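So the chains spell out like this:
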Amino acid sequence: MNRLIGLSFFISCIPLVASGQGLSGHLSFSPTGAQAWTVQQCMQYAVAHNHEVKRTELELDNYKANRTGAIGRFLPEVDASIGAQYNFGRAIDPETNGYTDVSTFYNGYSVSTSLPLFDGFSRLHALKAAKASVLMGQASLRQQQDLTALSVLQAFTNVAYYEGLVKMAEEKVEETKLLLCQTRILEEVGRKSQADVAQVESQQAEADYELIRQQNLLASALLELKKAMAFPIADTLSLAVCMGQTPSLSVANSEFVAFGLGLNQEHPELLSSRYQVQMSKHEWRQARAALYPALSLGAGLSTTYYHTLHAPSASSFNNQFKNNMGEYVGVTLSIPLFNRLQTVTGIRRAKNNYKMACEAYEQKLQELEKLSREAWQDWQGYQKQTVQMAKKVEADSLAYQLTRRQFEEGLSTAIDLHTTSTQLLQSKAVLLQCRLMAIVKEQLVRYYHGEAIWTE
């Protein structure tokens with residue numbers, strides 16, 4: 001189970017369309033209503049319905065089919081054939097082996113089997129390459145599932161962010177309405193001028209505009225979440241979101257600090273690239289196997305039945321089937337001499353593919369190490385920013401309250417009140433963003449460390 005180390009939250013719930021209750025600051029919650037979706041439920045739904053995940057599953061099934069085919073190459077090949085022909089005119093008499101011009105009906109039956117004894121270990125390397133491809137497909141599937149879950153987490157976080165902004169905008173609208181009502185009363189008693197009333201009315205219009213804008217952004221964020229989940233766009237999606245309040249960095253966990261700076265070598269993306277290297281190496285060796293001679297064992301039996309048309313008598317089918325039966329056993333040695341340089345060019349391409357896979361692995365390792373360290377640094381940075389922004393919100397809130405009191409007493413203007421109000425709103429928005437990004441970055445740290453960010 002995921003847990004947040006060094007970042008404790010006092011939880012308060014923000015409902016999206018439906019209300020919910022939650023646990024620690026991971027955006028992992030239990031809804032109070034059956035229709036509210038938690039972030040884990042959204043991830044599970046997305047992984048089960050995402051088109052890229054389904055395509056990757058089909059690719060994995062193809063890899064498994066290739067592995068089954070590679071195993072089958074070690075088994076003997078058995079063929080059976082039945083043939084019938086009608087000879088007329090000049091032909092070979094099956095009985096005398098001489099020429100005849102009598103029409104004859106001919107019927108043949110044969111069963112043969114062949115087994116390659118040595119092929120330069122081509123089948124062995126093909127099997128190893130197929131097994132590596134299956135492992136690569138499994139790692140790619142897990143990688144695609146994790147990327148889908150991360151995209152849903154990001155989209156879910158965006159919804160939570162804009163929902164928080166909508167609530168702030170709604171509070172701002174209510175606040176400006178009360179302020180406008182208060183200012184008009186003060187104008188009636190002569191303590192405020194018409195200009196002050198006009199300025200507060202302008203602030204109210206601005207607050208209404210901001211509320212509409214944030215509502216539109218929230219609707220767009222919900223659409224993006226539905227798209228990431230492969231959820232029906234026309235259906236209603238109710239979410240349960242919980243947010244934390246004040247973070248505390250007083251608690252440190254040395255174990256988490258240690259693994260946060262490192263990349264798990266069993267990371268799905270890294271495993272997929274590593275298995276690609278193994279597969280390319282065996283394909284290269286399989287291509288080189290074409291330079292060796294091939295030895296195969298073959299065996300079979302055949303029999304025939306013939307009947308000369310218009311002949312007064314003929315042997316029965318059973319007698320001919322038994323008497324004409326023949327068996328054979330043989331060994332074939334095939335030595336490659338010249339095939340228009342196809343083998344040489346095939347080996348060259350396979351070798352280059354192997355080298356490219358090695359380069360891709362090194363590049364992926366360097367890229368993931370960089371992303372892992374960036375995620376760790378960002379997580380630490382957002383935690384510290386959250387602490388500082390919480391202090392700034394507290395200070396801006398106090399400044400706004402003082403400015404409003406001065407405005408009521410006539411010691412400050414509506415412009416001063418608007419400035420402090422806007423500053424407070426911006427600070428709250430940044431604080432909300434820092435809290436959400438701290439949660440997302442922590443999940444990224446755990447992802448690069450190899451922990452599951454979603455449960456099946």
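Residues numbered from 1 in each chain as written. Predicted model: local features only at pLDDT ≥ 70, side-chain atom pairs only at ≥ 80, totals over all residues. Heavy atoms only, no water.

## As for the overall build of the protein chain
In step 1: When helices and strands are tallied, the protein chain shows nine helices and eleven strands.
In step 2: With 456 residues in all, the protein chain has 39% of them scored as buried.
In step 3: Considering only residue pairs separated by 6 or more positions, the protein chain has 81% of its internal contacts joining residues 24 or more positions apart.
In step 4: For the protein chain, the exposed area adds up to about 25,400 Å²; of that, 54% sits on carbon and sulfur atoms. (Helix = DSSP H or I, 4+ residues; strand = E, 2+ residues; numbered from the N terminus. Buried < 20%, exposed > 50% of the residue type's maximum accessible area, 1.4 Å probe, protein only. Contact = heavy atoms within 4.5 Å. Areas by Shrake-Rupley, 256 points an atom, 1.4 Å probe, with all protein chains shown as cover.)

## Side note on the packing of helix H8 (residues 342-408) against helix H9 (residues 414-449)
In step 1: The geometry of H8 relative to H9 is characterised by a closest axis approach of 7 Å and an angle of 160 degrees between their N-to-C directions. Taken together, the axes of H8 and H9 are roughly antiparallel relative to one another. Note that H8 runs across H9; the crossing there is left-handed.
In step 2: Here the contact of H8 with H9 is composed, by residue class, of 22 nonpolar, nine polar and nine charged. (Axes fitted to C-alpha atoms, helices over the stretch in contact; angles between N-to-C directions. Parallel < 35°, antiparallel > 145°, perpendicular 65-115°, else oblique. Left-handed = near helix turned anticlockwise from the far one by under 90°. Nonpolar A, V, L, I, M, F, W, Y, C, P; charged D, E, K, R; others polar.)

## Some words on the pattern of salt bridges
In step 1: Per the stated rule, a full pass over the model turns up 16 salt bridges.
In step 2: Asp146 is paired through a salt bridge with Arg142; the nearest N and O atoms lie 3.6 Å apart. In this pair, Asp146 and Arg142 both sit in helix H3 (residues 122-188), four residues apart, roughly one turn of the helix.
In step 3: On the basis of relative accessible area, Arg142 is assigned to the partly exposed category, the value being 24%. (Salt bridge = Lys/Arg side-chain N within 4 Å of Asp/Glu carboxyl O.)

## Digging into the packing of aromatic side chains
In step 1: For the coordinates displayed, the defined rule picks out twelve aromatic pairs.
In step 2: Summarising the aromatic geometry, the rings of Tyr161 and Tyr162 are spaced 5.3 Å apart at their centres and angled 65 degrees between planes, so their arrangement reads as edge-to-face.
In step 3: Between Trp284 and Tyr354, the ring centres sit 5.6 Å apart and the planes meet at 25 degrees, which makes this aromatic pair stacked. In this pair, Trp284 is assigned in helix H6 (residues 268-288) and Tyr354 in helix H8, connecting sequence segments 70 residues apart.
In step 4: We classify Trp284 as buried; its relative accessible area is 17%.
In step 5: Put simply, the rings of Tyr109, Tyr305, Phe317 and Phe321 touch in pairs and so form one group of aromatic residues.
In step 6: Sitting above the plane of the Phe407 ring, Lys192 keeps its charged end 3.6 Å from the centroid.
In step 7: Cation over ring: Arg288 sits above Trp284, and NZ or CZ is 4.8 Å from the ring centre. (Phe/Tyr/Trp six-rings, centres within 6.5 Å; stacked < 30°, edge-to-face > 60°. Lys NZ or Arg CZ within 6 Å of the ring centre and 35° of its normal.)

## Looking at the environment of Lys172
In step 1: In this structure, Lys172 sits in helix H3.
In step 2: Between the alpha carbons of Lys172 and Leu211 there is a distance of 8.6 Å; along the sequence they are 39 residues apart.
In step 3: Apart from residues no more than four positions distant in its own chain, Lys172 is found in contact with Ala207 and Ser421.

## A look at the nonpolar core
In step 1: Of all hydrophobic cores here, the largest spans 68 residues; its most connected members are Val152, Leu225, Met229 and Leu239.
In step 2: Taken together, the elements giving at least two residues each to this core come down to helix H1 (39-49), H3, helix H4 (194-229), strand S9 (238-244), H6, H8 and H9.
In step 3: Examining the composition of this core, we find that 16 residues originate from one element, H3, more than from any other.
In step 4: Setting aside anything within four residues of it in sequence, one finds Met229 in contact with Trp37, Cys42, Tyr45, Ala46, His49, Val152 and Leu237.
In step 5: Formed by seven residues, the second largest nonpolar core is a distinct cluster that contains Ala132, Ala139, Leu271 and Met279. (Core = buried A, V, L, I, M, F, W, Y, C linked by side-chain atoms within 4.5 Å.)

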